[in-house]
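Chain by chain, the residues:
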Amino acid sequence: KIHRIACIPGDGIGVDITEAAIQVLKALAKATGTFSFDFTTFDWSSTNYLERGWYMPPDGLSQLKKFDAIYFGAVGWPDVPDHISLWGLILPIRKALNQYVNVRPTRILQGTKSPLEGCKREDLDWLIIRENSEGEYSGQGGTSHEDSEHTVATEVSIFTRVAIERIMHFAFKAAQSRPRKHLTMVTKSNAQRHGMVLWDKIFYEIAPSYPDVKTEKMLVDAMTVRMVLNPKSMDTIVATNLHADILTDLAAALSGSIGIAPSSNLDPTRKNPSMFEPIHGSAPDIAGKGIANPVGAFWSAAEMVRWVGEEKAADALMKAVEAVTARGVKTKDLGGSEDTNGVTEAVCRELEAI
Ligand code: NAI
Ligand code: MG
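For clarity, every value in this text was computed on a predicted model and none was experimentally measured.

Caption draft 1: Inspection of the site of ligand 1 at higher detail. Neighbouring ligand 1 are 21 residues; Gly76, Gly259, His280, Gly281 and Asn293 lie closest to it. Counting residues per element, the shell around ligand 1 draws most heavily on helix 4 (residues 82-96), at three residues. Split by residue class, the shell around ligand 1 holds 10 nonpolar, seven polar and four charged.

Laid out in structure tokens, this is it:
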């Protein structure tokens, strides 16, 4: 079987880690011998935007639709305002390809540790489900009286019943599939009295359909405290586009480093390809140095492999990654002294041995 993958490395360390992920995926396919990948790379990036004036060509989205999955590095570079780069590439893909769920698992990998004192591996194992289609990132709003002392800007959050119901069903099913069957829903429904209140309402409407799932509601500000002080008390978490964006960076840091955290942008209807990317950005501060942690990229690749139906291979890849971190072969952000290449080659060698 051949899996057709569109690769968009993008900017900065997105390029390094995508290259590393492709190398590891090739080694994985070779080791299993039952499937292969056909990679097509797209040079859509900020550098090219500055030269050509576009991130994606006009038929970019329809080109992507032909693939089984999309692998994404990161987009954003200091020469381009971040709202231009995000809205030029990643956000249109998520929206146009109906990738309405963003799944972000967080746990402490073998041989790594949490910055939280006394936090053991079994104390931090979360699955964060991010609403990926609307809310605070709806892109609605505008600016009037620009460049005057009376400038007014609005940034309108849009919440719809359709989108809230589908993310809640996904989150309840995800919670149900995990041993603890525990779902925490995060909003800010004390200060925000329309969209967030609708989230709360729909959450409690849907809960009775999943009687085996224990539910609770948290305000996002209190949630940050609880994640730090009592990580063990949570399992599956569902939150809005903005809230989950913030909480998952915190979650990644608490699990060891932002460099290990994966994400899956899913179209659960499978009518469009889903997209897999580490949660970190292009990291201009370490770009071009060859020291980016590729583990988040490998974990994202494993989730992609799982999504296209190769469960066993996905497990084998994660096992190889953790065998490597367990041996202390890690980049600096995890307290090690290896570079991107060193970790990548160690994972490939581990895969050759399976
Ligand atoms: P960032 O995630 O790129 O970097 C934050 C910090 O974490 C930096 O100190 C960086 O060196 C470190 N870091 C990130 N990934 C790492 C890795 N794999 N290994 C080791 N260290 C790592 O976030 P920042 O600095 O806020 O954003 C930089 C650019 O990336 C901006 O243009 C931003 O808009 C963009 N961005 C793009 C995303 C995407 O494409 N999905 C997501 C987040 C940010
Ligand atoms: Mg983010």
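Caption draft 2: Highlighting helix 9 (residues 295-307). The terminal C-alpha atoms of helix 9 lie 18 Å apart, and with 13 residues this matches the ideal 18 Å at 1.5 Å per residue to within 8%. In terms of residue burial, helix 9 counts as a mostly covered element, since 12 of its 13 residues are buried. Of the surrounding elements, those touching the buried residues of helix 9 are helix 1 (13-32), strand 3 (69-74), strand 11 (262-266), strand 12 (274-278), helix 10 (311-326) and helix 11 (340-352). Gly309 sits one or two positions beyond helix 9 and adopts a positive phi of about 105°.

Caption draft 3: Main features of unusual backbone geometry. Unlike most non-glycine residues, Asn98 shows phi in positive territory, near 55°. Residue placement: Asn98 occurs in the loop between helix 4 and strand 4 (101-107). For His145, which is not glycine, the phi torsion reads 50° and is therefore positive. Tracing the sequence through the fold places His145 in the loop between strand 6 (135-144) and strand 7 (152-158). Given 10 C-beta atoms within a 10 Å radius, His145 is considered exposed.

So, how was this worked out
- In this convention, every chain numbers its residues from 1, walking through the sequence in written order.
- To label them, take the chains in the order written and letter them from A, then take the ligands in the order written and number them from 1.
- Local features are withheld for residues below a pLDDT of 70 in this predicted model, meaning they are given only at 70 or higher, and side-chain atom pairs are given and counted only at 80 or more; totals for whole chains, interfaces and linings count all residues.
- Using a C-beta atom placed from the backbone for every residue, we mark a residue as near a molecule or strand if that atom lies within 6 Å of it.
- A run of DSSP states H or I qualifies as a helix once it reaches four residues; a run of E qualifies as a strand once it reaches two. Both are numbered from the N-terminal end.
- Any residue that is not Ala, Val, Leu, Ile, Met, Phe, Trp, Tyr, Cys, Pro, Asp, Glu, Lys or Arg is counted as polar, Gly included; the first ten are nonpolar and the last four charged.
- Under the convention used throughout, the expected extent of a helix is 1.5 Å for every residue step, that is, one less than its residue count.
- Our exposure labels follow a C-beta count within 10 Å of each residue's own C-beta, placed from the backbone: buried means 20 or more other C-beta atoms, exposed means 12 or fewer, and partly exposed covers the counts in between.
- For every residue pair, C-beta atoms are placed from the backbone, and the pair is scored as a contact if these atoms sit within 7 Å.

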